Amino acid sequence: MLKKITTVASVVLLSALTACGSGGGGGDTGSSGGTITMGFAQVGAESGWRTANTKSIQDEAKTAGIELKFSDAQQKQENQIKAIRSYIQQKVSVIAFSPVVETGWDTVLLEAKRANIPVILTDRSIDSDDTSLYKTFLGSDFVEEGRKAGDWLVANASGPTSVVELQGTTGAAPAIDRKTGFEEKIAAKPDIKVVASQSGDFTRSGGKQVMEAFLKSQPKIDVVYAHNDDMGLGAIEAIKAAGKVPGKDIKIITVDAVKDGMQALANGEINFIVECNPLLGKQLMDLAKKVVAGEQVPERVVTVEGTFTQEQAKAALPQRQY
Ligand code: GZL
């Protein structure tokens, strides 16, 4: 049974349409011409990426005329589950959320299904055998993001290379998949070895603390692979405090491409960033309207994103929206 929607069935943005069941909602579904209400259970406010993602959702709900009920789970699954249950009780038209971790959602999503309230996954996916629990998953291909990071290192490393990895939140899809994609690619060069790997929970403070420990425990560190910019920025603080030069003594690869990360990249403190686009609000509201109206939507919508070198960051910074 397909556990996670892979990119095989995915479409880029909102191009092709595939059958994915009818929509409909337990509450005022908007099909009677009423206002659509969306219950959104956000992960938290742990990173610059999340802040930009939240702003995109709130701004685009306003633009779309969708009444948004919004909750911040402070990176705790039990808070997201509580929020989803409250949205079910309020009989919203549609529920959307970014699952903080991949597992433990079937029960509450079954409750939404029984209440005839459609669910849209955004940003992160869930690992469930029952893909009827949600209408579509809108977000990045995190394995591909890890592959892009690994490809850059394979192309730029020479000789024995010791890598320390700052993982995202334990159990989160981006943490699991960015690790998988990176390892797949660096396997091409056995000289590249991940000598230590630990979660910094996607936060700047977490990245700094873990990097401080790595600097004490590892005899040689050539590269930091951080699953997001915020942990990479924390690592920069730790590297400087240890009297080393980030970007030169220790190369840094991160994921996201938020403004602070791009600034550090332009300054030469980070060496390469893989973009992860947080601006999902417009696509989410378009999908919500289709789902509530009972229209068919793709099972998987993959966001389009690129990569940045130091030179590219200098050119791109003035236009960056987040
Ligand atoms: C990725 C998103 C991740 C970001 C982090 O889509 O879930 O969570 O990479 C954020 O910055 O905390």
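By convention here, each chain's residues receive numbers from 1 onward along its written sequence. Selection of residues for local features in this predicted model requires a pLDDT of at least 70, selection of side-chain atom pairs for listing and counting requires 80 or more, and totals for whole chains, interfaces and linings are taken over all residues. The side-chain figures draw on all heavy atoms in the structure; neither hydrogens nor water molecules are used.

The chain is annotated in an unreviewed UniProt entry as Monosaccharide ABC transporter substrate-binding protein, CUT2 family from Lentzea waywayandensis. UniProt positions are given in the numbering used here, feature names are shortened, and annotations may be inferred rather than shown by experiment. Its UniProt record gives the chain the following Subcellular location (unreviewed entry) comment, quoted word for word: "Cell envelope".

(A) Spotlight on the site of the ligand. Around the ligand lies a shell of 13 residues, among which Glu 46, Asp 123, Arg 124, Arg 178 and Asp 256 are the nearest. Between an oxygen atom of the ligand and a side-chain N or O atom of Arg 124, the distance comes to 2.7 Å. The side chain of Asp 256 places a nitrogen or oxygen atom 2.6 Å from an oxygen atom of the ligand. In this description, accessible areas are obtained by the Shrake-Rupley approach with a 1.4 Å probe, and a residue is regarded as covered only by the protein chains that are shown. For the ligand, the accessible surface in isolation is 320 Å², of which the surrounding protein chains cover 100%. Mapped onto the shell around the ligand, the elements with two or more residues apiece are helix H1 (48-64) and helix H5 (173-186). Per-class residue counts for the shell around the ligand are five nonpolar, two polar and six charged. If even one non-hydrogen atom of a residue comes within 4 Å of a molecule or strand, that residue is called near it. Pairs of N or O atoms within 3.5 Å make up the polar contacts considered here, provided that, within protein, one atom can donate a hydrogen while the other can accept it, and that residues adjacent in sequence are counted only when both atoms are side-chain atoms. Only DSSP runs of H or I with at least four residues qualify as helices, and only runs of E with at least two residues qualify as strands; both kinds are numbered from the N terminus onward. Residue type decides the class: Asp, Glu, Lys and Arg count as charged, Ala, Val, Leu, Ile, Met, Phe, Trp, Tyr, Cys and Pro as nonpolar, and the leftover types, Gly among them, as polar.

(B) The arrangement of the sheet that holds strand E8 (residues 192-199) in detail. We treat two strands as partners when DSSP finds at least two bridges between them. Read across the open sheet, the six strands follow the order E8-E7-E9-E10-E11-E13; overall the sheet is mixed. The strands lining the two open edges of the sheet, one partner per strand, are E8 and strand E13 (307-308). Examined bridge by bridge, strand E9 (residues 223-226) and strand E10 (residues 251-256) share three bridges and lie parallel to one another. Counterpart to Val 223 in the pairing with E10 is Lys 251. Sheet strands in contact with helix H6 (residues 204-217) are strand E7 (161-167), E8 and E9, and its direction is about 150 degrees off that of E7. Packed onto the sheet, helix H7 (residues 229-241) meets E7, E9, E10 and strand E11 (272-275) and runs at close to 155 degrees relative to E10. Residue contacts follow a heavy-atom distance rule, with two residues in contact if any of their heavy atoms lie within 4.5 Å. To get an axis, a line is fitted to the C-alpha atoms, and for a helix only the part in contact is used. The angle between two axes follows their N-to-C directions and goes from 0 to 180 degrees.

(C) View of the environment of Phe 40. Along the chain, Phe 40 turns up in strand E2 (residues 37-42). Per-residue accessibility, obtained with a 1.4 Å probe over protein chains only, is compared with the maximum for each type, and a residue is labelled buried under 20%, exposed over 50%, and partly exposed between these values. By relative accessible area, which is 0% here, Phe 40 ends up buried. Considered as a pair, Phe 40 and Ile 57 are 17 residues apart in the sequence and their alpha carbons are 8.9 Å apart. Setting aside residues no more than four positions away along its own chain, Phe 40 makes contact with Ile 57, Leu 68, Lys 69, Phe 70, Ser 71, Tyr 87, Ala 96, Phe 97, Ser 98, Thr 122 and Leu 284.

(D) Layout of the pairing of E9. Judged by which residues are buried, E9 turns out to be covered on both faces: Val 223 and Tyr 225 on one side and Val 224 and Ala 226 on the other are all buried. Across four bridges, E7 lies against E9 in parallel orientation. Residue pairing across strands places Leu 166 opposite Ala 226, the latter belonging to E9.

(E) Fine view of the packing of aromatic side chains. For Phe, Tyr and Trp, rings pair up if their centres lie within 6.5 Å, where Trp contributes its six-membered ring, and each pair is then called stacked (planes under 30 degrees apart), edge-to-face (over 60) or tilted (otherwise). Here the structure, examined in full by the defined rule, presents four aromatic pairs. Centroid distance Phe 40 to Phe 70: 5.9 Å. Interplanar angle 5 degrees. Geometry classified as stacked. Residue Phe 40 is found in strand E2, and its partner Phe 70 is found in strand E3 (residues 67-72); the two are separated by 30 residues along the sequence. A relative accessible area of 30% means that Phe 70 is categorised as partly exposed. With centroids separated by 4.0 Å and ring planes inclined at 15 degrees, the aromatic side chains of Phe 182 and Tyr 225 adopt a geometry described as stacked. Taken as a pair, Phe 182 in helix H5 and Tyr 225 in strand E9 lie far apart in primary sequence, 43 residues in all.

(F) Layout of the environment of Met 211. With respect to the element layout, Met 211 can be found in helix H6. For Met 211, a relative accessible area of 0% gives the class buried. If we skip the residues at most four places from it in the chain, Met 211 touches Val 164, Leu 166, Ile 221, Val 224, Ala 235, Ala 238, Ile 239 and Ile 250.

(G) Spatial organisation of unusual backbone geometry. Of note, the phi angle at Gln 75 is positive, near 60 degrees, even though the residue is not glycine. Note that Gln 75 resides in the loop between E3 and helix H2 (77-89). With a phi close to 65 degrees, Phe 202 is a non-glycine residue in the positive phi region. With respect to the secondary-structure elements, Phe 202 resides in the loop between E8 and H6.

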